[in-house]
Amino acid sequence: MNLNRIDLNLFAVFDAIYTAGSLTKAADVLCITQPAVSNSLARLREMLNDPLFVRTGHSMTPTPVAQNIIGPARDALSLLRKSVQDSHIFEPTTAHKAFNFASRDLLEVSIMPRLMALLQKNAPNITLTNYEIARTNVVSAMASGSLDFFADASAFTDPHLLKQKIASDRFVVLARKNHPMLKNGLDLETFLELGHINVSHRKKGAGPIDIELDKLGKKRKEVMRGQHFLTVPSAIVKTDLIACLPYHLAKHYDLAIYEMPFEIPPVEYYLYWHVSADHDHAHIWMREQIMEVAKTYNH
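Anyway, here's the lowdown on the structure attached to this text. (Residues numbered from 1 in each chain as written. Predicted model: local features only at pLDDT ≥ 70, side-chain atom pairs only at ≥ 80, totals over all residues. Heavy atoms only, no water.)

### Topic: the environment of D240
Let me state the cut-off plainly: A helix here means a DSSP run of H or I that spans at least four residues, while a strand means a run of E at least two residues long, and both kinds are numbered starting from the N terminus. Every residue pair with non-hydrogen atoms within 4.5 Å of one another is taken to be in contact. Polar contact is defined as a pair of N or O atoms within 3.5 Å, subject to the rule that within protein one atom must be able to donate a hydrogen and the other to accept it, and that residues adjacent in sequence are counted only when both atoms are side-chain atoms.
Looking at the secondary structure, you find D240 in the loop between α9 (232-236) and β10 (242-246). Measuring from C-alpha to C-alpha, the distance between D240 and I166 comes to 34 Å, with 74 residues separating the pair along the chain. Non-local contacts of D240, meaning those with residues more than four positions away in its chain, are made with R176, H179, P180 and L194. Within the structure, D240 has its side chain in polar contact with the side chain of R176 (distance 2.7 Å).

In structure tokens:
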């Protein structure tokens, strides 16, 4: 028997006939026509090479083959029903589930620790993984189910992704304490004179700081370029270099913080997920937890 050709709906009809003992009553239970029930029974008889039911008076009497398979068939149907029901239920206190994230420093430094603390109280069997992924691979990773969430400060548009703003921040300037050129604070002239560490995932090209400076007809002195904000403090503390960081990261370090000496738009962070997961109850629950934690982002 080729299992790929089995129509599981036939077993639902089989169960209804077995229970009702009548094609007419089975049709009423299933809310389909009697000819549809008869057609399904004919297909099942052909597939199993057995009449399954024989007419006895006004009822349908199951054959030995039907009696042998009714138990396993009902078990299988019950398992399918439970699977469908469970897909609409998520109980965090008992669920064993892993969520995969891809984010930059935002989530890992500021949100994930608080999220983990919340989960340890309310969902102790939930695990989190955060890893780096190229933006070009985000959609395919989400479509395959290997990635649940992507968090980024950039606007990321794709018809297969949904997004929600989770936090906003501002850039500040980070420098070592007692910097000889910053005794009187930081103005634009000094900002342009000092060497900068530029954090970018691109090998070259202008970022938000450079774009705003270009509007002013200015250009900063970039002497080091790196991929991660977390590498900046160790370089700054040993040099006279400065760097522009989101405040939520800068505040964690024992370094001097200065406001930007020119206007720059705020940094907005977004959480992305695939449209296929939008109505998944576990996914909805995790999004709610992330948003709850994000409320304390600037504290």
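### Description of the sheet that holds strand β6 (residues 161-169)
Within a beta sheet, neighbouring strands are joined by backbone hydrogen bonds and run either parallel or antiparallel to one another. Our working definition: Strand pairing is assigned whenever DSSP identifies at least 2 bridges connecting the two strands. Angles shown run from 0 to 180 degrees and are taken between the N-to-C directions of axes, each axis being a line fitted to C-alpha atoms and, for helices, limited to the stretch in contact.
The mixed open sheet is built from five strands, whose spatial order is β4-β3-β5-β12-β6. In this open sheet, the two edge strands, each paired with only one partner strand, are β4 (126-130) and β6. If you compare each strand with its neighbour and ignore which way they point, the axes differ by 25° on average. Note that strand β3 (residues 97-103) and β4 share five bridges and pair parallel. Counterpart to K97 in the pairing with β4 is I126. Each of β3, β4, β5 (149-152), β6 and β12 (267-274) touches helix α11 (residues 281-294); the most contacted strand, β3, lies at about 55° to it.

### Regarding helix α1 (residues 9-20)
Our working rule: Each helix should span, by expectation, one fewer than its residue count multiplied by 1.5 Å.
Between its first and last C-alpha, α1 extends 17 Å over 12 residues, near the 16 Å set by a 1.5 Å rise per residue. One or two steps after α1, the chain reaches G21, where phi turns positive at roughly 70°.

### Some words on the sheet that holds β10
Across the sheet, which stays open at both edges, the five strands sit in the order β9-β8-β10-β7-β11 with mixed pairing between neighbours. Only two strands of the sheet have a single neighbouring strand rather than two, namely β9 (221-226) and β11 (256-259). Averaged over all adjacent pairs, the angle separating strand axes in this sheet is 35°, with direction ignored. Here strand β7 (residues 171-175) pairs with β10 via four bridges, running antiparallel.

### Focus: α11
To keep things clear, this is the line we draw: Between buried and exposed lies partly exposed: a residue is buried under 20% and exposed over 50% of the maximum accessible area for its type, with that area taken using a 1.4 Å probe on protein chains only.
The end-to-end C-alpha distance of α11 is 20 Å, a good match for the 20 Å that 14 residues give at a rise of 1.5 Å each. Among the residues of α11, those classed as buried are A282, H283, W285, M286, R287, Q289, I290, V293 and A294. The residue sitting at the N-terminus of α11 and contributing the capping side-chain oxygen is D280; that oxygen lies 3.3 Å from the backbone nitrogen of A282.

### Structural notes on the nonpolar core
Applied cut-off: For this analysis, a nonpolar core means a set of buried residues of the types Ala, Val, Leu, Ile, Met, Phe, Trp, Tyr and Cys, connected via side-chain atoms within 4.5 Å.
In terms of nonpolar packing, the biggest core is built from 43 residues, with F101, I126, L128, F191, I209, M260 and M286 touching the most fellow members. It is α11 that provides the largest number of residues to this core, a total of six residues. In contact with M260, other than residues within four places in its own chain, are F171, V172, V173, F191, I209 and C244. With 18 residues, the next largest nonpolar core counts V13, A26, F53 and M60 among its residues.

### Side note on the side chain of N198
Tracing the sequence through the fold places N198 in strand β8 (residues 195-199). N198 gets classed as buried once you look at its relative accessible area, which sits at 6%. Polar side-chain contacts of N198 include one of 2.9 Å to the side chain of E222. Setting aside chain neighbours within four positions, we find N198 in contact with D210, R220, E222, M224, R225 and G226.

### Considerations on the packing of aromatic side chains
Aromatic ring pairs: the centre-centre distance and the angle between the two ring planes describe each pair. The following threshold applies: Side-chain rings of Phe, Tyr and Trp, where Trp is taken by its six-membered ring, are said to pair if the distance between their centres is within 6.5 Å; with planes under 30 degrees apart they count as stacked, over 60 as edge-to-face, and otherwise as tilted. Two conditions define a charge sitting above a ring: the NZ of Lys or the CZ of Arg must be within 6 Å of the ring centre, and it must be within 35 degrees of the ring normal.
In the structure shown here, the tally under the stated rule is nine aromatic pairs. Ring plane angle 75° and centroid distance 5.4 Å describe the contact between F191 and F262, whose orientation is recorded as edge-to-face. With F191 in helix α7 (residues 188-193) and F262 in the loop between β11 and β12, the pair connects residues that are 71 residues apart, well separated along the chain. Members of the aromatic cluster, connected to one another through ring pairs, are F14, Y18 and F53. The positively charged end of K97 is found above the aromatic ring belonging to F99, 5.4 Å away from the centroid.

### Considering the pattern of salt bridges
Condition: Salt bridge, as applied in this entry: a Lys or Arg side-chain nitrogen positioned within 4 Å of an Asp or Glu carboxyl oxygen.
A full pass over the atoms with the stated rule returns 11 salt bridges. Where R176 meets D240, a salt bridge forms, and the shortest distance between an N and an O atom there is 2.7 Å. Here R176, found in the loop between β7 and α7, pairs with D240, found in the loop between α9 and β10; they are 64 residues apart in sequence, far enough to count as distant. Across the pair D278 and R287 runs a salt bridge whose closest N-O atoms are separated by 3.3 Å. Residue classification places R287 among the buried positions, given a relative accessible area of 10%.

### Points about the packing of α1 against helix α2 (residues 23-30)
Selection rule: In what follows, roughly perpendicular refers to angles from 65 to 115 degrees, roughly parallel to angles under 35, roughly antiparallel to angles over 145, and oblique to any angle outside these ranges. Helix crossings are classified by the rotation of the near helix relative to the far one: an anticlockwise turn of less than a right angle makes the crossing left-handed, while a clockwise turn makes it right-handed. Polar here means any residue outside two lists: the nonpolar Ala, Val, Leu, Ile, Met, Phe, Trp, Tyr, Cys and Pro, and the charged Asp, Glu, Lys and Arg; Gly therefore counts as polar.
Look at α1 against α2: their axes get within 8 Å of each other, and the N-to-C directions meet at 125°. By the criterion of interaxial angle, the relationship of α1 to α2 is oblique. Our pair here, α1 against α2, has a crossing hand that is right-handed. Taking contact as the criterion, the partners of A12, V13, A16, I17 and A20 in α1 are, on α2, L23, K25, A26 and L30. When its residues are assigned to classes, the contact of α1 with α2 shows eight nonpolar, no polar and one charged.

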